Amino acid sequence: MKKLLLILTGSALLAAGAVLTQTMAQSTEPGANKAPAASDGGAAAARGAKAWANHCSRCHNLRSPSELNAELWDVSVQHMRVRANLPGSVADDIKVFLMSSAMAEKQYSSAPPQRAATASFAYLAPGDVVHGKEIFSQTCIACHGADGKGTIPGVPDLTAADGRLVNPDDLLLTNIIKGYQSEGSLMAMPPMGGNPDLTEQDMADVLAYMRKEYGIAPGK
Amino acid sequence: MRHKKIPALSTAALLASTSVILFMPGLAAAQASYVCSTKSLDRSIEVVQPDYGSAVCKVLYRKPDEGAPDQFLWRSNQSMAFCEEKAQELVASLTATGFDCTEGKIDAVIASAQPIQTKGQAPAPTVTNAALKSQPLAQAPQSSDKQNVPMGGVPYQRVANQTDTSWHLAGYADATFVVSNMDGTTTTDFSAARFNPGFHFQYKDLILLEAEAEISVNADGETDVELEYAQADIFLHDNATLVVGQFLSPVGQFQERLHPTWINRLADAPAGFGHDGVQPASDVGAMLRGGILIGEEAIATYAIAVGNGPRISHEGGVAFEAKGGDDNSNKAVSGRVGFLPFPYLEVGGSFLFGDVTGVEEEAGHDADPVPMPAPVVLEPTDAKVMLWGADAAYTRGPWNVRFEYLNMTRDPIATAFEGSVGVEMLPELELQAWYAQIAYRLSEITDHQILQRFEPVVRYGEFKVSGLDELAEEAAEERLDVGLNYWIAPSIVARGVGQWRDFTDREVGEPSSETRFLLQLAYGF
């Protein structure tokens, strides 16, 4: 038993040592203290969505991205970074995802309801299934899962024949572009999956992909 | 959820200038720009060149008069011509529906029907327009409701206009109703209504101050306030955070990660993992902790703490709760290393080494008359405390499976304790506790509005004590819990739990088993 204890302490100390030396090495690099450049918002949000779904459900239920505003997510993820021993880079990706989800959300939910709930997206080009698949497997997969059945409580099974996809395109596009949370739902669908780099056309592409993949056409 | 901005006026100017450069998803000047108008409203179509990301151009569509947020309709990673072509197509289609389009721009701060309400918060970072961009943010119009926000907010950087300090009030509250049957006698009780507010103050990305108190009402109707933790987290490096202050012990999983009732899958702590158990609760000192990404998604984590460590408890056991001062000059070293080959599987090992020092007189009982002088006069001694543990968690999809084991030994010690006559010799004490728990969330098998919120859970655990009869009698037990959670929201739960406890070291004639039913409402905020 003593041996085990020694091994445990030893490895903890080693890890601490490695980290400290790395810290020192890093801080002597020129420009090491510069704020990280906002270079890859889209990719970071896609990574962040996955890391959020994976890590933020380890101890407690995932809390809906709509629960806090961007600034509070900033504080809360920092808090969780410590509690969960997350590497800073992973925590930062999660922030990209949560903060862009929350920020976009605020912006939409504050729009006065002066227009019909469903917008028309007739100006978008017909969806490109191949590109849609790409988008799906980068961003949407975090919550909807590779098979579209949903991996998180509150995420609907999109493959169900009588499920959400029987709704008309315009309604679905409105919901996924603006983000929404239906009455009593446990989790919000963040606008464009919480990825600030995606466009309305991208959403039309994913929708086309999902319709083809799950074989569900809009109902009557 | 409430939060408040702390004004940092002196830094406003600095923030304003740096935020433009560093914190905004800058978009360079529009390459081509059109305004399409009807009698009452303007829309604009702009081809912009993003400062970051792989796209060479995006088409920005703004409808400020209609309360609609800005949208990026298209983007291209290769060709500016693509965006220009798309912009012109849109111009053509708008013209066809009766808009009158010309080249030009609408003023970025044009009156907008869309108040961007961020409840007393600064407007979300904004501004795609060159004219506004060159204007220092500090002088941006105070009526923030006139600004438009490009679709999708920003990739994470601290929010422009966000002050250096942010704070957040979080925490949890719960109320529990207990029906207990012990030896044929049934009692019912509203026990343990608790309110645990937590405060987090963050200064940039450098320091986070976190503190949590536990406010509860005890059996005598008095209010107890206890400090759960109060710590400063200093972010040294991607893989290292220095924690100083009073912190929850990193040993094992339950105490640090699972004890808040909205997180715990059952109504109370497993046997041996609560107060007076073998799991260390908190300590005062310093801790270095962090995680290191290995490859794509594996993570190794560590936490190593130096603190005042345990002390002798009233019964002569070991108390693992933080105290401001130390009972001896020897610091305790404790910690945990964890490994996650996948994010949903974690295995960990924990340890603690420290000393406890015997006491001359049991605190709180020094007024008791000592009936007889102790036959042999003993001096209090020190004793080594060693603890090790192993834990594992599997949290994939609907499954939440956990296991923890802790083992502590304290060497023989001369000390006074509750019921002792002066200083007496106590033999080696060994405490062991373990539990295994499985929960399954029904949302995996149904999308039904109500059914998907249920989560059945089972836990079995044991707490063993050898070397201290009083503690063994009171606390040694085998316990089975069967519960059902109903998740009202991801952090609000109503649960019912059946609990069967067998006290393994009770004296003959004492009730040795108890059946309890617990109803609990827990709220994490």
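Residues numbered from 1 in each chain as written. Chains lettered and ligands numbered in written order. Predicted model: local features only at pLDDT ≥ 70, side-chain atom pairs only at ≥ 80, totals over all residues. Heavy atoms only, no water.

Peer 1: Would you take a moment to explain the overall build of chain A for this structure?
Peer 2: Counting its regular elements, chain A contains seven helices and zero strands. Buried positions account for 56% of the 220 residues belonging to chain A. Restricting to contacts in chain A with at least 6 residues of sequence separation, those with at least 24 account for 69%. With the model as given, the accessible surface of chain A reaches about 9,100 Å², and the carbon-plus-sulfur share is 59%. (Helix = DSSP H or I, 4+ residues; strand = E, 2+ residues; numbered from the N terminus. Buried < 20%, exposed > 50% of the residue type's maximum accessible area, 1.4 Å probe, protein only. Contact = heavy atoms within 4.5 Å. Areas by Shrake-Rupley, 256 points an atom, 1.4 Å probe, with all protein chains shown as cover.)

Peer 1: What is the right way to read the overall build of chain B from this model?
Peer 2: Summing up its helical and strand segments, chain B has five helices and 25 strands in all. Buried positions account for 52% of the 525 residues belonging to chain B. Put simply, 60% of the contacts in chain B that link residues at least 6 apart link residues at least 24 apart. A total accessible area of about 22,200 Å² is found for chain B, and carbon and sulfur atoms account for 58% of it.

Peer 1: Just checking my understanding: could you explain the packing of aromatic side chains for this structure?
Peer 2: The relative placement of two aromatic rings is captured by the distance of their centres and the angle of their planes. Residue and element names in this part refer to chain B. This structure, assessed with the given rule, holds 16 aromatic pairs over all chains. Centre to centre, the rings of F254 and Y435 are 6.5 Å apart; their planes meet at 85°, and the pair counts as edge-to-face. Pair noted here: F254 is in helix α4 (residues 254-258) and Y435 is in strand β21 (residues 429-440), with a separation of 181 residues, a long-range link. By the burial criterion, F254 is buried, and Y435 matches it. Ring centres of Y344 and Y394 lie 5.8 Å apart, and the angle between their planes is 80°; this geometry places the pair in the edge-to-face category. With Y344 in the loop between β15 (332-342) and β16 (345-357) and Y394 in strand β17 (residues 382-394), this residue pair connects regions lying 50 residues apart in the sequence. (Phe/Tyr/Trp six-rings, centres within 6.5 Å; stacked < 30°, edge-to-face > 60°.)

Peer 1: Where do I start with the packing of helix α6 (residues 169-178) of chain A against helix α7 (residues 200-214) of chain A in this structure?
Peer 2: The description of two packed helices rests on the angle between their axes and on the distance between the axes. Residues and elements named next belong to chain A. Put simply, α6 and α7 touch, their axes get as near as 10 Å, and they point 125° apart. By the angle between their axes, α6 is oblique relative to α7. For the pair α6 and α7, the sense of crossing is right-handed. Packed against α6, whose contacting residues are D169, L172, L173, I176 and I177, the element α7 presents E200, M203, A204, L207 and R211 at the interface. Counted by class, the contact of α6 with α7 contains seven nonpolar, no polar and three charged residues. (Axes fitted to C-alpha atoms, helices over the stretch in contact; angles between N-to-C directions. Parallel < 35°, antiparallel > 145°, perpendicular 65-115°, else oblique. Left-handed = near helix turned anticlockwise from the far one by under 90°. Nonpolar A, V, L, I, M, F, W, Y, C, P; charged D, E, K, R; others polar.)

Peer 1: Can you walk me through α6(A) in this structure?
Peer 2: Because each turn of an α-helix spans 3.6 residues, side chains separated by three or four positions in sequence point in the same direction. Residues of α6(A) that are buried: A:L172, A:L173, A:T174, A:N175, A:I176 and A:I177. Phi turns positive one or two residues past the end of α6(A), at A:G179, with a value near 80°.

Peer 1: Looking at this model, I keep getting lost on the confidence of the model for chain A. Mind explaining?
Peer 2: Close inspection of predicted coordinates is inappropriate for parts of the model with low pLDDT. All names here are of chain A. The predicted model of chain A has a mean per-residue pLDDT of 79, with 74% of residues at 70 or higher. α7 holds the highest mean pLDDT among the elements of chain A, 94, whereas helix α1 (residues 2-28) holds the lowest, 47. For residues 109-116, every residue scores under 50 in pLDDT, and the model assigns this stretch 16 contacts once sequence neighbours within four places are set aside. (pLDDT = per-residue confidence, 0-100.)

Peer 1: What is the right way to look at the confidence of the model for chain B in this model?
Peer 2: Residue and element names in this part refer to chain B. Residue-level pLDDT values for chain B average 80, and 78% of them are 70 or greater. Confidence over residues 108-161 falls short of pLDDT 50; this stretch has 146 contacts with residues more than four positions distant or in other chains. Our summary of model confidence lists the complex with pTM equal to 0.76 and ipTM equal to 0.78.

Peer 1: Explanation requested: the pairing of β15(B) in the structure shown.
Peer 2: Every regular strand shows the same layout, with side chains that alternate between the two sheet faces. All names here are of chain B. By the bridge criterion, nine bridges tie strand β12 (residues 298-307) to β15 in an arrangement that is antiparallel. Bridge pairing in β15 places G307 opposite A332. The sheet contact formed by β15 and β16 spans eight bridges and is antiparallel. When the sheet's bridge partners are listed, F342 is paired in β16 with L345. Adjacent in sequence and paired antiparallel, β15 and β16 are bridged by two residues. (Pairing = 2+ DSSP bridges.)

Peer 1: Looking at this structure, I do not really get the domain arrangement of chain B. What am I missing?
Peer 2: Interfaces are often sized by the accessible area lost when the parts come together. You can read the domains of chain B as domain 1 (23-111) and domain 2 (197-367 + 375-474). Put simply, the middle of domain 1 of chain B and the middle of domain 2 of chain B, counted by C-alpha atoms, are 57 Å apart. (Domains from an automatic or database assignment.)

Peer 1: Where do I start with a negative patch on the surface in this structure?
Peer 2: Residues and elements named next belong to chain B. On the surface, a cluster of negative charge is made up of D220, E222, D224, E226, D276, E321, D469, E470, E474, D505, E507 and E510. For the negative patch, the secondary structure elements donating two or more residues are β9 (223-237) and α5 (469-475). At three residues, the largest contribution of residues to the negative patch is made by α5. Summarising the element assignment, D469 is placed in helix α5. Judged by relative accessible area, D469 falls into the exposed class, the value being 63%. (Patch = residues over 30% accessible without salt bridge, like charges linked within 9 Å, V, L, I, M, F, W, Y side chains within 5 Å. Salt bridge = Lys/Arg side-chain N within 4 Å of Asp/Glu carboxyl O. Lys, Arg positive; Asp, Glu negative; His and termini not counted. Charge placed at Lys NZ, Arg CZ, Asp CG, Glu CD.)

Peer 1: I tried to follow the state of the cysteines on my own but got confused; where do I start?
Peer 2: What makes a disulfide is a covalent bond joining the sulfur atoms belonging to two cysteines. Residues and elements named next belong to chain B. Using the criterion set out here, one finds one disulfide over all chains in the structure. The disulfide that involves C36 links it to C101, with 2.0 Å between the sulfurs. Because the sign of the S-S torsion sets the handedness, a value of about 115° for the bond joining C36 and C101 places this disulfide among the right-handed ones. Here C36, found in strand β1 (residues 32-37), pairs with C101, found in strand β5 (residues 100-103); they are 65 residues apart in sequence, far enough to count as distant. Take C36: its relative accessible area is 0%, and that puts it in the buried class. (Disulfide = S-S within 2.5 Å.)

Peer 1: Explain the pattern of salt bridges to me, please; I cannot follow it from the model alone.
Peer 2: Two side chains carrying opposite charge are able to pair once their charged atoms lie near each other. If you walk through the whole model with that rule in mind, you get 24 salt bridges over all chains. A network of salt bridges, in which partner residues are shared, links A:R58, B:E256, B:R257, B:R289, B:R336, B:E346 and B:D391.

Peer 1: What is the right way to read the environment of B:R75 from this model?
Peer 2: Its location among the elements puts B:R75 in strand β4 (residues 68-76). Placed 17 residues apart in sequence, B:R75 and B:K58 show a C-alpha to C-alpha distance of 4.1 Å.

Peer 1: Looking at this structure, I do not really get the side chain of B:Q202. What am I missing?
Peer 2: Here B:Q202 is to be found in strand β7 (residues 185-203). Within polar-contact distance, the side chain of B:Q202 engages the backbone nitrogen of A:V75 at 3.4 Å. At 2.8 Å, the side chain of B:Q202 and the backbone oxygen of B:K204 are in polar contact. (Polar contact = N/O pair within 3.5 Å; in protein donor to acceptor, adjacent residues only side chain to side chain.)

Peer 1: When you look at the nonpolar core in this model, what are you seeing that I'm missing?
Peer 2: For soluble globular proteins, the rule of thumb is that nonpolar side chains tend to be buried together. Counting residues in hydrophobic clusters, the biggest one holds 37 residues, and the most contacted among them are B:V278, B:L387, B:M408, B:L431, B:F463 and B:V465. Sort the elements by how many residues they give to this core and β21(B) lands first, with four residues. Within the second largest apolar cluster, 26 residues are counted, among which are A:W52, A:A53, A:L68 and A:A102. (Core = buried A, V, L, I, M, F, W, Y, C linked by side-chain atoms within 4.5 Å.)

Peer 1: Which parts of the structure should I look at to understand helix α2 (residues 80-96) of chain B?
Peer 2: Residue and element names in this part refer to chain B. Compared with the 24 Å implied by 1.5 Å per residue over 17 residues, the 24 Å span of α2 between its first and last C-alpha is a close match. Taken together, the buried positions of α2 are occupied by C83, K86, A87, L90, V91 and L94. One side of α2 carries all its buried residues, which in axial view fall inside an arc of 140°. Phi for G98, located one or two positions after α2, is positive at around 105°. (Expected span 1.5 Å × (residues − 1). Arc of directions from axis to C-beta.)

Peer 1: Is there a simple way to explain the packing of helix α5 (residues 129-144) of chain A against α7(A) in this structure?
Peer 2: All names here are of chain A. Packing of α5 against α7 leaves a shortest axis separation of 7 Å and a crossing angle of 95°. Between α5 and α7, the interaxial angle falls into the category roughly perpendicular. In contact with V129, H131, G132, K133, I135, F136 and C140 of α5, α7 contributes D202, D205, V206, A208, Y209, M210, K212 and Y214. In terms of residue class, the contact of α5 with α7 is built from nine nonpolar, two polar and four charged.

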